[in-house]
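# Close look at the chain arrangement
Read off the chains here:
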Amino acid sequence: NTDACYGSNVILAPSADHRPVPWGTPSIHFSLNGIPTTCCDSIEEIRTALDDIDDEILGLLNRRAAYVREATRFKSTRESVNVPSRNEAVLKRAEQQAVDIGVPVTIVRATIGAILNSSVPFEQCIVSNLGVLIRFEADSPV
Ligand SMILES: C=C(O[C@@H]1C=C(C(=O)O)C=C[C@H]1O)C(=O)O
C-alpha cells in the first residue's frame, strides 16, 4: 500500500518478495527537444539523474542557508534564534504542500525536519561567532 509513502496517491507495484527486474515500464515522462522521452532503462541512468538532482538540492540549500544566516541580523541573542512555533509551521506547511503536489510525505517530513534541525544550530553558530568577532575587535588595540 503506497498510501503510506505518499500521504495520498497510490501507485501499483507487484508485491512479491522476489520480483523479476526490471518490472513494469519506465514511469518518468519528459520532453527532450520536443520528443516525448521516458526514463529509465538502467539503474546507472537513475543514479546519474539522482546525482544531478542532488547538485540542484545543494544549490537550494546554499540559498536557504544564506537566508538563515541573514535571519541572525534580526535576533539579539543566541537564545532567541530557535523559534519552535515557526519550525512547526514550516514543517506543517511543507507536509501540506507535499500532499497537494504529490511529493512523498515521508521524504518531505524527514528532509524538512533535518533542514530545520541543522539550520537552527547553524544560525546559533553564526550568532555565537559574531559575538566572538565583536569581542575580538573590541579588545584589539586601535
Ligand atoms: C530563520 C529563522 O530562525 C530559525 C530557523 C528556521 C528555519 O530554518 O526555517 C525557522 C525558525 C527559527 O527556528 C526564523 O526565525 O525564521
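The structure reproduced in this document is the subject of the present report. (Residues numbered from 1 in each chain as written. Predicted model: local features only at pLDDT ≥ 70, side-chain atom pairs only at ≥ 80, totals over all residues. Heavy atoms only, no water.)

### Observations concerning the site of the ligand
Threshold: One heavy atom within 4 Å of a molecule or strand is enough for the residue carrying it to be called near that molecule or strand. The definition of a polar contact used here is a pair of N or O atoms within 3.5 Å, where within protein one atom must be able to donate a hydrogen and the other to accept one, and adjacent residues in sequence count solely through side-chain atom pairs. Per-residue and other accessible areas follow the Shrake-Rupley method at a 1.4 Å probe size, with only the shown protein chains counted as cover for residues.
Taken together, 13 residues are adjacent to the ligand, and Arg64, Lys75, Val83, Asn87 and Glu123 come closest. Separating an oxygen atom of the ligand from a side-chain N or O atom of asparagine 82 is a distance of 3.5 Å. Between the ligand and glutamate 123 there is a distance of 2.8 Å, counted from an oxygen atom to a side-chain nitrogen or oxygen. In the complex, 86% of the free accessible area of the ligand, which totals 360 Å², lies under the protein chains.

### Examining the layout of surface pockets
Note the threshold: A pocket, in this scheme, is an open set of points on a 1 Å grid over the protein atoms alone with protein on both sides within 12 Å along at least 5 of 7 lines, while a cavity is a set where a 1.4 Å probe fits but cannot get out; residues line either one if an atom lies within 4 Å of a point. Grid points are joined across faces, edges and corners, and a volume is the space filled by probe spheres set on the points. The numbering of helices and of strands both runs from the N terminus, where a helix is a DSSP run of H or I of at least 4 residues and a strand a run of E of at least 2. Amino acids outside the nonpolar list (Ala, Val, Leu, Ile, Met, Phe, Trp, Tyr, Cys, Pro) and the charged list (Asp, Glu, Lys, Arg) are all regarded as polar, and Gly is one of them.
When its volume is computed, the largest pocket comes out at roughly 1700 Å³. Breaking the lining of the largest pocket down by element, the ones donating at least two residues are α1 (3–6), α2 (43–71), α3 (84–101) and α4 (105–139). Of the residues forming the lining of the largest pocket, the biggest block, 12 residues, is contributed by α2. Classifying every residue of the lining of the largest pocket gives 31 nonpolar, seven polar and six charged. One number sums up the size of the second largest pocket: a volume of about 310 Å³. Around the second largest pocket, the lining is made up of 15 residues, and of these Arg64, Val68, Arg86, Leu116 and Glu123 lie nearest the centre.

### Things to note about the state of the cysteines
Disulfides are covalent bonds that link the sulfur atoms of two cysteine residues. Spelled out, the test is: Disulfides are defined as cysteine sulfur pairs within 2.5 Å. For the exposure calls, accessible area comes from a 1.4 Å probe over protein chains only, and a residue counts as buried if that area is under 20% of its type's maximum, exposed if over 50%, partly exposed in between.
Summed over all chains, the structure comprises one disulfide. Linked covalently through their sulfurs, cysteine 39 and cysteine 40 form a disulfide whose S-S length is 1.9 Å. A torsion of 90 degrees about the S-S bond marks the disulfide between cysteine 39 and cysteine 40 as right-handed. With a relative accessible area of 12%, cysteine 39 lands in the buried category.

Worth remembering: the numbers are spatial, not functional.
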